[in-house]
Amino acid sequence: MSAIFSILIPAKRSRYFIVFPLFLSLLAGCAQQAPIATTTDWVTHEKSLENLSRYDAKGKLGYKAPKLRFGGNMIWQTTPNSDKLLLTNFLGKTLLKLDATPKMTTLVDYDGKQHSGADASGLVRELTGINLPIEQMRDWLIGLPTAADTYQLNPQNRVAYLAKQVDGQTWEMDYQEYDYSIYPSLPKRMVLTQDKQQITLIINEWDIHKK
């Protein structure tokens, strides 16, 4: 297993360990300023999301599971044919760099070693211990419930909750805050859960391009 797993569990073994309760408090501070909510109809909003040709999302990610907890900076880039994920700690050290296409996934781990495979989610889980539905996240991150088993809308007709079974595991996403200063409005704070693991996502900056 990659060194990312060993460096992120015990605080005494690495100066890169992030104290998770403190990190969560930092995440909460990022979301204190409430945006001005605007209401639209869901069909119009859904179409606007589908018309995004690519996007970059910059923010923070907090991961909490029984045997692994960490927090760091996140950059997620999506184009029609690829998804790229970069996780760094708060000192700028790369924890994980992922480049996924429909045919091949390349992952660079904490030690700088490169690994390849066809299954993005499986490769991340095998090498880091992190369970993340990479294939679904490209749409879920922007609040698009593609192929979800169920979803609910908030009063402004944006997705508030979705759930889907992936390989026998039930994933649930709670959308706690949206950024209404951009069009289309996009999620700002999300919590993704599966069994006993929880992933908190805070998006501080969106860069979007439309078709």
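Note that the structure is a prediction, hence the values are computed from the model and not measured.

Structural notes on the sheet that holds strand β1 (residues 52–65)
- On the basis of which strands lie adjacent, the open sheet formed by 11 strands has the order β6-β5-β4-β3-β2-β1-β11-β10-β9-β8-β7 and antiparallel pairing. Among the strands making up the open sheet, the edge pair consists of β6 (114–117) and β7 (150–153). Across this sheet, the average inter-strand angle for adjacent strands is 15 degrees, counted without regard to direction.
- Judged from the 4 bridges that link them, β7 and strand β8 (residues 159–166) form a sheet pairing that is antiparallel. By the bridge assignment for β8, Y151 is matched with L162.
- The sheet strands contacting helix α3 (residues 42–50) are β1, β7, β8 and β10 (186–194), and the helix crosses β1 at an angle near 95 degrees.

Structural notes on the pairing of strand β3 (residues 82–88)
- When you tally the buried positions in β3, you get 5 out of 7 residues, the bulk of the element.
- Taken together, the 7 bridges between strand β2 (residues 68–79) and β3 define a ladder with antiparallel strand orientation. In the sheet register, Q77 faces β3, and the bridge partner there is K84.
- Between β2 and the antiparallel strand that follows it, β3, lie 2 residues.
- Pairing of β3 with strand β4 (residues 94–100) involves 6 bridges; the strand directions are antiparallel. By the bridge assignment for β4, K84 is matched with D99.
- Hairpin connection, β3 to β4: the antiparallel pair is bridged by 5 residues, and G92 has positive phi, about 90 degrees.

Some words on empty space enclosed by the protein
- Applying the stated rule across the entire model yields 1 cavity of 30 Å³ or more.
- Estimated volume of the largest cavity: approximately 40 Å³.
- Lining the largest cavity we find L61, F70, L85, L87, L96, V124, I130 and L132.
- Of the residues assigned to the lining of the largest cavity, the class counts are 8 nonpolar, no polar and no charged.

Some details on α3
- Among all positions of α3, only W42, H45, S48 and L49 are buried. Down the axis of α3, the buried side of the element spans an arc of 125 degrees, and every buried residue falls inside it.
- Buried positions along α3 lie against β1, β7, β8 and β10.

Remarks on the side chain of T105
- Residue position: T105 is located in strand β5 (residues 105–108).
- For T105, a relative accessible area of 1% corresponds to the buried category.
- Leave out the neighbours within four places in its chain, and T105 touches L98, D99, A100, H115, S116, G117, A118, D119, A120 and L123.

Observations regarding the pattern of salt bridges
- Applying the stated criterion to the full structure yields 2 salt bridges.
- The residue R54 makes a salt bridge to D56 at a minimum N-O spacing of 2.9 Å.
- The partner of D83 in a salt bridge is R138, and the shortest N-O contact between them spans 2.7 Å. Within this pair, whereas D83 is found in strand β3, its partner R138 is found in helix α5 (residues 134–140), the two being separated by 55 residues in sequence.

Here is what the cut-offs are and how they apply
- Residues numbered from 1 in each chain as written.
- Predicted model: local features only at pLDDT ≥ 70, side-chain atom pairs only at ≥ 80, totals over all residues.
- Heavy atoms only, no water.
- Pairing = 2+ DSSP bridges.
- Helix = DSSP H or I, 4+ residues; strand = E, 2+ residues; numbered from the N terminus.
- Axes fitted to C-alpha atoms, helices over the stretch in contact; angles between N-to-C directions.
- Contact = heavy atoms within 4.5 Å.
- Buried < 20%, exposed > 50% of the residue type's maximum accessible area, 1.4 Å probe, protein only.
- 1 Å grid on protein atoms, 1.4 Å probe; cavity = no way out; pocket = protein on both sides within 12 Å on 5 of 7 lines; lining within 4 Å.
- Points joined across faces, edges and corners; volume = space filled by probe spheres on them.
- Nonpolar A, V, L, I, M, F, W, Y, C, P; charged D, E, K, R; others polar.
- Arc of directions from axis to C-beta.
- Salt bridge = Lys/Arg side-chain N within 4 Å of Asp/Glu carboxyl O.

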